[in-house]
Amino acid sequence: MGRGLLGEAGSRIAALEARTAAIVTDGHVGPLYAEALAASLQQHGLRVSIITLPPGEATKSYASLERVCDAVLEAKVERGDLVVALGGGVMGDLAGFAAAVVRRGVRLVQVPTTLLSQVDSSVGGKTGINSLHGKNLVGAFHQPSLVLADTALLDTLPIREMRAGYAEVVKYGLIDDPDFFAWCEANWRGVFDGGPERDEAVAQSCRAKAAVVVKDEREDGDRALLNLGHTFGHALERITYYDSARLVHGEGVAIGMCQAFRFSVALGVCPPADAERVEAHLSEAGLPTRLAQVPGGCGTVDELLDAMAQDKKVKGGALTFILVRGIGQSFIARDVPVASVRAFLQDENSTSRP
Ligand SMILES: O=C(O)C(=O)C[C@@H](O)[C@H](O)[C@H](O)COP(=O)(O)O
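Small disclaimer: the values here were computed from a predicted structure and weren't measured.

### A closer look at the overall build of the protein
What the protein contains, in helices and strands, is 13 helices and nine strands. The C-alpha radius of gyration of the protein comes to 20 Å, within 12% of the 20 Å expected for a compact globule of 354 residues. Across its three principal axes, the protein shows a C-alpha extent of roughly 60 × 40 × 40 Å. Counting all 354 residues of the protein, 50% fall into the buried class. The contacts of the protein with a sequence gap of at least 6 include a subset with a gap of at least 24, amounting to 75%.

Next up, the structure:
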């Protein structure tokens, strides 16, 4: 990672010694960077094709997967060759999943262009698409051969995308690093404004994520902690039909993390002051923290519970949540009674309404 790395993409990707690369990008990012990336790969002797899809979460679909797989095969990408995901989390997850299944696995390069994809989704090897039944329910673990994060690309990122990615940065502090959370409280403006704090936030986030994934790649144990806020957040994304105009992933995670804190308070395991501090910081950074802030509403308690029942952490039909004893003290709570989640959501629904 670093500023200006995209200029070195040709030589760094060529070092992987492939002959063909299929760049998978979207209609926002492609026009800005795909031609230049293709040209630099061609200068290093690679044959290159570009596949462009519509931007937005709705593109993480079976239909898009089919399009990408066929285009990658059409480009004659062989097992030693490369799929290059150029874009945010949607492109990374979709192209990564195509790379995992085409010819039962071709190599993958992630070139993340959003804060969220640089600090989270490009690292760790989770790939996949959404189903009507829920978020990321069809996918594979497929580690990238290279992740190339050019932090200068974030200079032109829309503010909403910056905020959404920032939710995942804050998450690392909330999971197990209270000092990093305090650092975020003190330095978040520098992260948004493109000061040296931004590169520090990206680097620290990747270090924190790598430290977890290296010990538990397949989420048999502590990797689930990286899911803090995601049981609630993914349910909201499903209920809003993956419509990015209403809710983007990071916004769902911001609301979800606040809910995880408030739920922990309701269960009597977390001091209320910690939940208030988290909510105050995310609000200050411009993120939503309450169900009432979801444009167009967030569905009924039953709809939310129904969506949560499809969560990948469900075991033997029982819900698993990532809860907290305080800031930086997350833990995996298995067999959480549905009745307690229902009571919490009913309370949230009534207290969230303006
Ligand atoms: O990498 C992980 O593990 C995470 O849980 C990180 C999450 O922030 C990320 O959104 C991930 O894609 C969610 O994974 P899922 O298994 O809940 O779909």
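Read on, since the account is not over.
### Some thoughts on the site of the ligand
Inspection of the region around the ligand gives Asp120, Ser121, Gly124, Lys126, Asn136, Glu168, Glu219, Arg223, Leu226, Asn227, His230 and Lys312 as its neighbouring residues. In terms of residue class, the shell around the ligand is made up of one nonpolar, five polar and six charged. Mapping the shell around the ligand onto the domain boundaries places at least three of its residues in each of domain 1 (5-154) and domain 2 (158-352).

### Observations regarding the sheet that holds strand 2 (residues 47-53)
Each strand in a sheet pairs with its neighbour through backbone hydrogen bonds, running either in the same direction (parallel) or in the opposite one (antiparallel). Reading across the sheet, the five strands line up as 2-1-3-4-7 and stay open at both edges, with parallel pairing between neighbours. In this open sheet, the two edge strands, each paired with only one partner strand, are strand 2 and strand 7 (146-147). Looking at chain direction, strand 4 (residues 107-112) and strand 7 are connected through two bridges and run parallel. Within strand 7, the residue paired with Val109 across the bridge is Leu146. Most of the contacts of helix 3 (residues 62-74) go to strand 2, to which it runs at about 165°, and overall it touches strand 1 (20-26), strand 2 and strand 3 (82-87). Its contacts with the sheet place helix 4 (residues 89-101) against strand 1, strand 3 and strand 4, and it is angled at close to 170° to strand 3.

### Some thoughts on helix 4
Between its first and last C-alpha, helix 4 extends 18 Å over 13 residues, near the 18 Å set by a 1.5 Å rise per residue. Across the 13 residues that make up helix 4, a large majority, 12, are buried. Residues of helix 4 that are buried include every one of Gly89, Val90, Met91, Gly92, Asp93, Leu94, Ala95, Gly96, Phe97, Ala98, Ala99 and Ala100, and no others. Backbone geometry just after helix 4 places Arg103 at a positive phi near 50°.

### Considering the domain arrangement of the protein
It is common to give the size of an interface as the accessible area that goes away when the parts come together. Domain boundaries in the protein define domain 1 (5-154) and domain 2 (158-352). Its C-alpha centre places domain 1 at a distance of 26 Å from the equivalent point of domain 2. Contacts between the two partners involve 22 residues from domain 1 and, on the opposite side, 27 residues from domain 2. At the level of secondary structure, the elements contributing two or more residues to the side of domain 1 that touches domain 2 comprise helix 5 (115-121) and strand 6 (134-141). Class assignment of the residues belonging to the side of domain 1 that touches domain 2 gives a composition of nine nonpolar, 10 polar and three charged.

### Digging into the packing of helix 6 (residues 159-176) against helix 10 (residues 249-266)
Two elements in contact, helix 6 and helix 10, have axes separated by 7 Å at closest approach and are oriented at 40°. Crossing angle aside, the handedness with which helix 6 passes helix 10 is left-handed. In this structure, helix 6 uses Arg163, Ala164, Gly165, Ala167, Glu168, Lys171 and Leu174 to contact helix 10, whose residues at the interface are His249, Gly250, Glu251, Val253, Ala254 and Met257. Tallied by class, residues from the contact of helix 6 with helix 10 come to six nonpolar, three polar and four charged.

### Topic: the environment of Glu348
Checked against the element boundaries, Glu348 lands in helix 13 (residues 338-352). In this structure Glu348 touches Gln259 and Leu291, once residues within four positions along its chain are discounted.

### Considering helix 2 (residues 30-43)
Quick reminder: α-helices carry 3.6 residues per turn. Residues three or four places apart thus point the same way. Over its 14 residues, helix 2 extends 19 Å from the first C-alpha to the last, a length consistent with the 20 Å expected when each residue adds 1.5 Å. Every buried residue of helix 2 is listed here: Gly30, Ala34, Leu37, Ala38, Ser40 and Leu41. The buried residues of helix 2 occupy an angular sector of 165° when the element is viewed end-on, so they sit on one face. Seen from the open side of helix 2, the exposed residues pointing more than 90 degrees away from its buried face are Pro31, Ala39 and Gln43. Trailing helix 2 by a residue or two, Gly45 shows a phi angle of about 90°, which is positive.

Reading the values: rules and limits
- Residues numbered from 1 in each chain as written.
- Predicted model: local features only at pLDDT ≥ 70, side-chain atom pairs only at ≥ 80, totals over all residues.
- Helix = DSSP H or I, 4+ residues; strand = E, 2+ residues; numbered from the N terminus.
- Rg over C-alpha atoms; globule rule 2.2 N^0.38 Å.
- Buried ≥ 20, exposed ≤ 12 C-beta atoms within 10 Å, placed from the backbone.
- Contact = placed C-beta atoms within 7 Å.
- Near = placed C-beta within 6 Å.
- Nonpolar A, V, L, I, M, F, W, Y, C, P; charged D, E, K, R; others polar.
- Domains from an automatic or database assignment.
- Pairing = 2+ DSSP bridges.
- Axes fitted to C-alpha atoms, helices over the stretch in contact; angles between N-to-C directions.
- Expected span 1.5 Å × (residues − 1).
- Left-handed = near helix turned anticlockwise from the far one by under 90°.
- Arc of directions from axis to C-beta.

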